[in-house]
Amino acid sequence: MVGAENVLVDDPARLARATGLSYLDLLRRRSPSADFPVPDAVVLPADPDEVQAVLDACVQHDVGVVPFGGGTSVVGGVAALRGEKTSVIALDLVRLDALVSVDAESRIAVLQAGVRGPEAERLLAGHGLTLGHVPQSFERATIGGFAATRSAGQASSGYGRFEDMVTGVRLATPRGPWKLGVAPASAAGPDLRQLAIGSEGTLGVITEVALRVRPAPPVRRYEGYALPGWAAGAEAVRDLAQHHALADVTRLSDVDETEVSLALNAGLKTAALRRYLAARGVRRPCFLIVGWEGTAHDVALRRRETARRLKASGAVRVGKALGESWRHGRFAGPRQRDTLLDMGVCVETLETAAYWSNVDELRDDVRAALTASLGRSIVMCHISHAYETGASLYFTVLTARDETDSVGQWQRAKAAACEAIAGLGTISHHHAVGVDHAPYLSAEIGSLGVEVLRAAKSTVDPTGILNPGKLV
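Residues numbered from 1 in each chain as written. Predicted model: local features only at pLDDT ≥ 70, side-chain atom pairs only at ≥ 80, totals over all residues. Heavy atoms only, no water.

### Examining the pairing of strand β3 (residues 64-68)
Among the five residues in β3, five count as buried, and that is most of the element. Side-chain alternation along β3 places Gly64, Val66 and Phe68 on one buried face and Val65 and Pro67 on a second face that is also buried. Bridge count for β3 against strand β4 (residues 88-92) is five bridges, and the pairing is parallel. Bridge pairing links valine 65 to isoleucine 89 in β4. (Buried < 20%, exposed > 50% of the residue type's maximum accessible area, 1.4 Å probe, protein only. Helix = DSSP H or I, 4+ residues; strand = E, 2+ residues; numbered from the N terminus. Pairing = 2+ DSSP bridges.)

### Remarks on the packing of helix α9 (residues 230-242) against helix α15 (residues 356-374)
Running from N to C, α9 and α15 point in directions that differ by 155°, and their axes come no closer than 11 Å. Of the possible angle classes, the one that applies to α9 and α15 is roughly antiparallel. α9 and α15 meet at a crossing whose hand is right-handed. Residue-level contacts link Trp230, Ala234, Val237, Arg238 and Gln242 of α9 to Trp356, Val359, Asp360 and Arg363 of α15. By residue class, the composition of the contact of α9 with α15 is five nonpolar, one polar and three charged. (Axes fitted to C-alpha atoms, helices over the stretch in contact; angles between N-to-C directions. Parallel < 35°, antiparallel > 145°, perpendicular 65-115°, else oblique. Left-handed = near helix turned anticlockwise from the far one by under 90°. Contact = heavy atoms within 4.5 Å. Nonpolar A, V, L, I, M, F, W, Y, C, P; charged D, E, K, R; others polar.)

### Description of the packing of aromatic side chains
Per the stated rule, a full pass over the model turns up three aromatic pairs. Cation over ring: arginine 363 sits above tryptophan 230, and NZ or CZ is 4.6 Å from the ring centre. (Phe/Tyr/Trp six-rings, centres within 6.5 Å; stacked < 30°, edge-to-face > 60°. Lys NZ or Arg CZ within 6 Å of the ring centre and 35° of its normal.)

### A closer look at unusual backbone geometry
Working note: non-glycine residues mostly have negative phi, and peptide bonds are mostly trans. Even without glycine at this site, arginine 150 takes up a positive phi of about 55°. With respect to the helices, strands and loops of the structure, arginine 150 is situated in the loop between α5 (143-148) and α6 (156-159). Even without being glycine, leucine 471 reaches a positive phi, approximately 65°. Relative to the elements of secondary structure, leucine 471 occurs in the segment after α17 (441-460). By relative accessible area, which is 9% here, leucine 471 ends up buried.

### Points about the domain arrangement of the chain
Parsing the chain into structural domains produces domain 1 (99-215), domain 2 (219-330) and domain 3 (334-421). For domain 1 versus domain 2, the distance between C-alpha centres works out to 30 Å. Tallying the contact residues gives eight residues for domain 1 and seven residues for domain 2. Per-residue buried area on domain 1 facing domain 2 is highest for Gln154, Ser157 and Tyr159; these three make up 63% of the total on that side. At the boundary of domain 1 and domain 2, one finds zero salt bridges. Our count for the domain 1 to domain 2 interface comes out at four residue pairs in polar contact (both at pLDDT 80 or more). By residue class, the composition of the side of domain 1 that touches domain 2 is three nonpolar, five polar and no charged. (Domains from an automatic or database assignment. Buried area = accessible area lost by both parts, 1.4 Å probe. Salt bridge = Lys/Arg side-chain N within 4 Å of Asp/Glu carboxyl O. Polar contact = N/O pair within 3.5 Å; in protein donor to acceptor, adjacent residues only side chain to side chain.)

### Observations regarding the sheet that holds strand β16 (residues 345-355)
In space, the seven strands of this open sheet follow the order β15-β12-β14-β13-β17-β18-β16, with antiparallel pairing throughout. Looking at strand neighbours, the two that pair on one side only are β15 (316-319) and β16, the edges of this open sheet. Averaged over all neighbouring strand pairs, the angle between strand axes comes to 25°, with direction disregarded. Taken strand by strand, helix α12 (residues 296-312) contacts β12 (219-228), β14 (285-294) and β15, and its axis lies near 155° from that of β14.

### Re the layout of surface pockets
Volume-wise, the second largest pocket comes out at about 560 Å³. Taken together, 25 residues form the lining of the second largest pocket, with Arg150, Gly198, Ser428, Val433 and Glu444 sitting closest to its centre. Elements represented by at least two residues in the lining of the second largest pocket include exactly α8 (193-196) and α17. By residue number, the principal contributor to the lining of the second largest pocket is α17, which donates four residues. Tallied by class, the residues present in the lining of the second largest pocket amount to eleven nonpolar, nine polar and five charged. (1 Å grid on protein atoms, 1.4 Å probe; cavity = no way out; pocket = protein on both sides within 12 Å on 5 of 7 lines; lining within 4 Å. Points joined across faces, edges and corners; volume = space filled by probe spheres on them.)

### Focus: the environment of glutamate 121
Residue placement: glutamate 121 occurs in helix α4 (residues 117-125). Judged by relative accessible area, glutamate 121 falls into the buried class, the value being 18%. Linking glutamate 121 and histidine 133, residues twelve residues apart in sequence, is a C-alpha distance of 9.0 Å. Ignoring sequence-local partners within four residues, the contact set of glutamate 121 consists of Thr130, Leu131, Gly132, His133 and Phe138.

### Observations concerning the UniProt feature "domain: FAD-binding PCMH-type" (unreviewed entry) in the chain
The feature "domain: FAD-binding PCMH-type" (unreviewed entry), as annotated in UniProt, sits at residues 35-216 in this numbering. Between the end C-alpha atoms of residues 35-216 the distance is 46 Å, and the span holds 23% helix and 26% strand. (UniProt positions renumbered as here; feature names shortened; annotations may be inferred.)

### Structural notes on the environment of alanine 386
Among the structural elements, alanine 386 can be located in strand β17 (residues 377-386). Sequence spacing of alanine 386 and glutamine 242 is 144 residues, and the spatial spacing of their C-alpha atoms is 9.6 Å. Filtering out sequence-adjacent residues up to four positions away, alanine 386 remains in contact with Ser157, Val237, Leu246, Trp356 and Ala391.

### Brief notes about the sheet that holds strand β9 (residues 176-180)
Spatial ordering of the open sheet is given by β5-β6-β10-β8-β9, a layout of five strands whose pairing is antiparallel. One side of each edge strand has no neighbouring strand; the edge strands of this open sheet are β5 (99-103) and β9. With direction set aside, neighbouring strand axes in the sheet form an average angle of 10°. In this structure, strand β8 (residues 166-173) lies alongside strand β10 (residues 205-212), joined through six bridges in antiparallel fashion. Bridge pairing in β10 links alanine 172 to valine 205. Against the sheet, helix α3 (residues 48-61) touches β6 (108-112), β8, β9 and β10, its axis set at about 40° to β8.

### Looking at the pattern of salt bridges
Enumeration over the complete set of coordinates arrives at 34 salt bridges. Here aspartate 298 and arginine 302 are joined by a salt bridge, their closest N and O atoms 3.2 Å apart. Note that aspartate 298 and arginine 302 are positioned in helix α12 at a spacing of four residues, about one turn of the helix. Since its relative accessible area comes to 27%, aspartate 298 is described here as partly exposed. Look at arginine 302 and you get partly exposed, because its relative accessible area is 23%.

Below you can see the structure in the form of structure tokens.
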């Protein structure tokens, strides 16, 4: 079906598609004695028809299928679990790498699922367009992965979350092809596109995505502010959101994350900056990164309103150096984890979101849960995405690794954090459910909601070959 050269059974190929990029995944890859599931083969189809043919064969032979894009899941979303199946393949979509079409009049582009973030921008730039979706996984993650996990980019306040960009989706399922999306809006029943988006490979393999695109911005302006403490910073972001004055990127670090930024960024001239802020009454700063993209006129107009409201909130402008430093280094975090692991550090992230009335309590409870579980540690937090009604909180944790029980150390801490989240916020704002968050899904959507998802899965995947053990 795909050519013998596109069915890989060698150990390196299978191991490369066995896990994602969570802290526990990295630990397992480093340990010669680690026991984790590995796919029996890797299959690389070239187009949607070949994906469908492979699924048809897997139904016939009762083989599990784990769709694989960039492999950036941090919640076990691409783990090679086989469930009740005796065999499982990793279905790598890397060869589905084309820009299928561009409707310049409607501003819709159709991209195949295996296109990675940078390549999508390169392909669209040839038409003077941009998607504007830049999560931290941007360098490796794919269009199909963005859709399957309801991804949120760092500039989502301006461009929208990924599900806001999707106008249509094409899937291969065990029951046959499925295509959704014919108009910009519809009242023809519930929007089934939203069932496919976020389905994490359990309801079908996404092969093409039709996306709203925009003209490539001629101007990008990023700068930094400092606010006197978390409470003042969060209130300032809420004010921006509720007065429709958010920048495209709006990211508030708490005091601990700001201190780490100051310690690591020699280009900021830290001593002089501290004196500058202290003279203006900001002694325990929280950094706020704001960035706008668009025409010169549009950027100037929106920046003026944002700056006016920030000044009224007590923010002190730090300048473009801070904003540009963040923009140029925003993908560096994941690359630093291997070095930290070499130094015996446990380093991991987790995220959630809540309504404004719960944001402070949620942050305090998650920090307390992590600290109680891990002991001496650094727990940093930032608002990564803001909305009129609430915000996402993104936590970064560093602590000395327990060499006798490294896996259990983080599993206990993550469980404590998830218990703290339950009832106050969502179990995932943009990392998805995968394996790690599945035990907490019922508390969020209800047992009836889980039954609805299972009913949908039994309809499109009656023999349960698709991504066993994920989501539900």
